[in-house]
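So the chains spell out like this:
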Amino acid sequence: ARIWDTAAQKESYRLTCRFLNLIPVKQVDVHVVDKTYVMPSGMPVGIYTKTKGVLIIGTGKVASTDGLNYEPADQIVKPGDYILSVNGKDISLKEELINGIQASGGKPVVLGILRDEKQIEVKVEPVALSDGTYKLGIWVRDDMAGVGTLTYIKSNLEYGALGHPVSDADTGCMIRLENGTVYRTNIVGIVKGKDGAPGELTGVINYKQENCLGTISKNTKTGIYGKLDAVPEEMEDAVVEAGLKQDIRRGEAYILSSLDGVLRQFRIEIEDVDFHSKEENKGILFHVTDELLLSETGGIVQGMSGSPILQDGKIIGAVTHVFVSDATKGYGVFIEKMLEN
């Protein structure tokens, strides 16, 4: 039987710290935190996200009708900018951007840009091509897809995954999400990790409606979050307590992950726990000791991000990063950070 969130009443206390048990030094607020229970996953999923606006990934030269090459958007727009409008008309798709440029007839267009959370307007003059169309010489993207791992599911079917944000491969910027979907995926290949070259899990995503698992509503520094339609049948029916970071100890722990459609626990060794890491998703440092995982993948590979980390029967975190110089080492995010979303 599943056991979910307990109904313990929250309490708060104020303690007075005294020097030599006589002189008051300071007061400390102490909060009693309810235990939280979730279902750890480790299941690979296909991730599809739609950007909020059209993401600029770069600029390039355009061959004009006069035989010369021009780069009209150079030094005007930047990689990581989002195009929100063309001549005052809101857009969210590449096709809408293209249509807006063609409708200009070659006259300068005003682009509404979101840059570093600030909205600005820039003017760019299109270049006429020999086929009668116009271009701004901007490389753009309005969606992306990839493979990651589902970390946990709550009793209300809300989930957390990845442990790090969905970022654009070209700009390195965290995606400004409009919406997204998670799908069933089949792992069809493993590129083994080695020093200087991280490996990866290669998956196939079938975008048919029957393979849709749920929606993505948030993309944050600690992962993606949303809601599933149901608990996937292939997942184990197990619910565990979410451990606090002070519960984590150095030593043996396990990663729950699937390389071939079967969920397995792989041994790791936690080397260090950094409660004050500047990067939210690098609080746990570990290395892989499991012989099977080392032989299959060489350690941690791309696609395993989000794999739950278990210790002493609790879920304490999720895999987030691999060392480029050493595929056997990786970082994890505290599960309590993910559960804050």
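These numbers come from a predicted model, not from an experiment. (Residues numbered from 1 in each chain as written. Predicted model: local features only at pLDDT ≥ 70, side-chain atom pairs only at ≥ 80, totals over all residues. Heavy atoms only, no water.)

### A closer look at the pairing of strand β4 (residues 44–59)
- Burial runs high along β4: twelve of the 16 residues are buried.
- Of the pairings in the sheet, the one linking β4 to strand β13 (residues 138–153) comprises eleven bridges and is antiparallel in character. Counterpart to Pro44 in the pairing with β13 is Thr149.
- Pairing between β4 and strand β15 (residues 177–191): seven bridges, direction antiparallel. The residue of β15 that forms the bridge with Lys50 is Asn179.
- Here β4 pairs with strand β7 (residues 82–86) via two bridges, running antiparallel. Directly across from Leu55, in β7, lies its bridge partner Tyr82. (Buried < 20%, exposed > 50% of the residue type's maximum accessible area, 1.4 Å probe, protein only. Helix = DSSP H or I, 4+ residues; strand = E, 2+ residues; numbered from the N terminus. Pairing = 2+ DSSP bridges.)

### Some remarks on the packing of aromatic side chains
- Counting across every chain of the model gives four aromatic pairs.
- With 6.2 Å between their ring centres and 80° between their planes, Tyr48 and Tyr207 make a pair best called edge-to-face. Residue Tyr48 is found in strand β4, and its partner Tyr207 is found in the loop between β16 (200–205) and β17 (212–220); the two are separated by 159 residues along the sequence.
- Under the relative-accessibility criterion, Tyr207 is labelled partly exposed at 43%.
- Of note, Lys218 hangs over the ring of Tyr225, and the distance from its end group to the ring centre comes to 5.9 Å. (Phe/Tyr/Trp six-rings, centres within 6.5 Å; stacked < 30°, edge-to-face > 60°. Lys NZ or Arg CZ within 6 Å of the ring centre and 35° of its normal.)

### Section: the environment of Gly226
- Secondary-structure assignment places Gly226 in strand β18 (residues 223–228).
- Each C-alpha atom of the pair Gly226 and Gly146 lies 16 Å from the other, and the pair is 80 residues apart in sequence.
- Setting aside chain neighbours within four positions, we find Gly226 in contact with Leu157, Glu158, Tyr159, Thr215, Ile216 and Ser217. (Contact = heavy atoms within 4.5 Å.)

### A look at unusual backbone geometry
- Even without being a glycine, Asn87 presents a positive backbone phi close to 50°.
- With respect to the element layout, Asn87 can be found in the loop between β7 and β8 (89–90).
- Positive phi, close to 75°, is recorded for Leu162, a residue that is not glycine.
- Inspection of the secondary structure puts Leu162 in the loop between β14 (158–161) and β15.
- The exposure class assigned to Leu162 is buried, which follows from its relative accessible area of 5%.

### Some points on the confidence of the model for the protein chain
- Confidence in the prediction for the protein chain averages 90 pLDDT; 90% of positions are at 70 or higher.
- Confidence drops under pLDDT 50 across residues 5–10; counting only partners more than four residues distant or on other chains, this segment forms nine contacts. (pLDDT = per-residue confidence, 0-100.)

### As for helix α1 (residues 94–103)
- Among the residues of α1, Leu97, Gly100 and Ile101 are the ones counted as buried. Burial along α1 is one-sided: seen end-on, the buried residues are contained in an arc of 100°. Within α1, the exposed residues directed more than 90 degrees away from the buried face are Asn99 and Ala103.
- Considering only its buried residues, α1 is in contact with β4, β7, β9 (109–115), β12 (134–135) and β13. (Arc of directions from axis to C-beta.)

### Considerations on the side chain of Arg115
- With respect to the secondary-structure elements, Arg115 resides in strand β9.
- Non-local contacts of Arg115, meaning those with residues more than four positions away in its chain, are made with Ile76, Val77, Lys78, Asp81 and Ile120.

### So, the side chain of Thr185
- Counting through the fold element by element, Thr185 comes out in strand β15.
- Within the local environment of Thr185, its side chain forms a polar contact with the backbone oxygen of Val204, the two atoms lying 2.9 Å apart.
- Contact partners of Thr185, with chain neighbours within four places excluded, come to Pro44, Val45, Gly46, Val147, Gly203, Val204 and Ile205. (Polar contact = N/O pair within 3.5 Å; in protein donor to acceptor, adjacent residues only side chain to side chain.)

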